Amino acid sequence: EASSGEDFQILLSWADKHRRLKVRANAETPEEARKARELGAEGIGLCRTEHMFFEAERIDHMRAMILSESQEERTHYLDKLIKYQHEDMLELFKIMDGLPVTIRLLDPPLHEFLPNSTEEMRALAERIGKSFEKIREASENLSEVNPMLGFRGCRLSVVYPEITDMQVRAIIGAAAEAMEKGFSPFPEIMIPLVINVREIRLLADIIDRSVYQVHRDKGISIPYKIGTMMETPRACLGADRLASEVEFMSFGTNDLTQMTYGFSRDDAGRFIPEYLNKKLIENDPFVSLDQRAVGRLMEMAVKESRARKKNIKYGICGEHGGAPQAIRFCHHLGLDYVSCSPFRVPIARVAAAQANVAEEIISK
Ligand code: PEP
Ligand code: MG
């Protein structure tokens, strides 16, 4: 046991000398971030901020914010939420000291946050001191038939820019505090579910203003980057135009697969196994990257955006980012990093090295 552990450490240190791809982790909690660092992650490639609001009191404030009737009411709840966001980000910046942390703006499929039964609505109404009728009405107004294709990602920021403002003030405020305490935070703010450059311009404007506000208030300047998720076919098709507005692009192959194939990522388990048995397609597209489908969109997006702008960083943060075959493909595409769940980081380090070594052998 002990010696196989040691052997694996030797293999990993060898792999690190031979890979070109960086390996980051998808992490939101301090435990995940610590684990990621321990396993050799070179940063956080995806911090899903919506996951940071699922617990206890936070979820009530989050629900209340989403169900607010006015901007004033929303701001009231955002003022509560900013404290959690700040504390959580501060902790992540400390743990990831000196490494980049990619924080994705809120991307809640709304159904995950709406109360989904009359009992839940009643309980929420009581806890936040609002009438049950109002809660029910607001929930009905926001309920969608296809929430995964609905009011998500940057669409939320377009309609409610104050949510983004809260998040950015918390992120940059936490980075400023981390810096004052001697840490080196590198926040990278990532915009989810983008389809076109106008969305990015609008969001980048909100982000820059909020950052400026913190810089001015604290008399400090935090280096930060703005980037986009590449998880809609529309974004990949217009990548050259998106390039002019961002410093990094990260492929979200979970949604990109769903939208490319039209297979629901949440219901896939129900019919995909039987469907796959018929051999009409080779592999489960949620597990392996099809080079003629999602892989092709990625290739096109990288080529066309790179032709427009040289110094963009490219990553992948969907589930495929931790799968050896997909990692090989990402290596060949010339991505800068893959990001996967902390436990897959060691495997990703080895797969990245294998891809590079295989390439060197072939080219000799
Ligand atoms: C993705 O869509 O691939 C992604 C990383 O985002 P999420 O899984 O949170 O939708
Ligand atoms: Mg996604």
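Just so it is clear, the structure is predicted and the values come from calculations on it, not from any experiment.

Mapping Phe151 onto the fold places it in the loop between helix H6 (132-142) and helix H7 (153-159). In this structure, the C-alpha to C-alpha distance between Phe151 and Gly334, residues 183 residues apart in sequence, is 33 Å. Those residues in contact with Phe151 that lie beyond four places of it in its chain are Leu110, Glu144 and Leu156.

Our next topic: the UniProt feature "binding site: substrate" (unreviewed entry) in the protein chain. Here, the residues flagged by UniProt with the feature "binding site: substrate" (unreviewed entry) are Arg48, Arg104, Glu231, Gly252, Thr253, Asn254 and Asp255. Take Arg104: it is sitting in strand S3 (residues 100-104). Accessibility expressed as a C-beta count within 10 Å gives 27 for Arg104, which makes it buried. When sequence neighbours within four positions are dropped, the list of residues in contact with Arg104 reads Leu46, Cys47, Arg48, Thr49, Met190, Pro192 and Met229. Relative to the elements of secondary structure, Thr253 occurs in helix H12 (residues 253-261). If we ignore the near neighbours within four places in the chain, the residues touching Thr253 are Leu289, Val294, Ile316, Gly318, Glu319 and His320.

With that out of the way, let us pick up the UniProt feature "binding site: Mg(2+)" (unreviewed entry) in the protein chain. UniProt's entry tags Glu231 and Asp255 with the feature "binding site: Mg(2+)" (unreviewed entry), counted in the numbering of this structure. These annotated residues cover 25 residues of sequence, but their C-alpha atoms sit close together, with the largest distance between any two at 5.4 Å. With respect to the element layout, Glu231 can be found in the loop between strand S5 (225-230) and helix H10 (233-237). Beyond its immediate sequence surroundings of up to four residues, Glu231 is in contact with Leu193, Gly252, Asp255 and Leu256. Position of Asp255 among the secondary structure elements: in helix H12. Residue contacts for Asp255: discarding those within four places in its chain leaves Glu231 and Thr232.

Next up on the list: the environment of Phe343. The residue Phe343 is located in the loop between strand S8 (337-340) and helix H16 (345-363) in this model. A residue is classified by how many C-beta atoms lie within 10 Å of it, and Phe343, with 13 of them, is partly exposed. With 317 residues separating them along the chain, Phe343 and Asn26 place their C-alpha atoms 9.9 Å apart.

Taken N-terminus to C-terminus, the directions of helix H8 (residues 161-180) and helix H9 (residues 197-218) make an angle of 40°; their axes are 9 Å apart at the nearest point. Our classification of the angle between H8 and H9 gives oblique. Every pair of crossing elements has a handedness; the one defined by H8 and H9 is right-handed. Facing H8, whose interface residues are Pro161, Thr164, Asp165, Val168, Arg169, Ile172, Gly173 and Ala176, H9 presents Leu203, Ile206, Ile207, Ser210, Val211, Gln213, Val214 and Lys218. Counted by class, the contact of H8 with H9 contains nine nonpolar, four polar and three charged residues.

Ranked by size, the top nonpolar core spans 102 residues in total, and within it Ile44, Leu92, Phe93, Ile171, Ile189, Ile327 and Val338 carry the most contacts. Discounting residues that sit within four places of it in the chain, Ile171 has contacts with Met89, Ile103, Pro187 and Ile189.

Across a regular strand the side chains alternate sides, sitting on one face of the sheet and then on the other. Side chains of strand S6 (residues 248-251) alternate between two faces, with Phe248 and Ser250 and Met249 and Phe251 buried alike. With four bridges connecting them, S5 and S6 associate as parallel partners. Counterpart to Met229 in the pairing with S6 is Ser250. With four bridges connecting them, S6 and strand S7 (residues 313-316) associate as parallel partners. Note that in S7 the partner of Ser250 across the bridge is Gly315.

Cut-off values and rules
Residues numbered from 1 in each chain as written. Chains lettered and ligands numbered in written order. Predicted model: local features only at pLDDT ≥ 70, side-chain atom pairs only at ≥ 80, totals over all residues. Helix = DSSP H or I, 4+ residues; strand = E, 2+ residues; numbered from the N terminus. Contact = placed C-beta atoms within 7 Å. UniProt positions renumbered as here; feature names shortened; annotations may be inferred. Buried ≥ 20, exposed ≤ 12 C-beta atoms within 10 Å, placed from the backbone. Axes fitted to C-alpha atoms, helices over the stretch in contact; angles between N-to-C directions. Parallel < 35°, antiparallel > 145°, perpendicular 65-115°, else oblique. Left-handed = near helix turned anticlockwise from the far one by under 90°. Nonpolar A, V, L, I, M, F, W, Y, C, P; charged D, E, K, R; others polar. Core = buried A, V, L, I, M, F, W, Y, C linked by C-beta atoms within 7 Å. Pairing = 2+ DSSP bridges.

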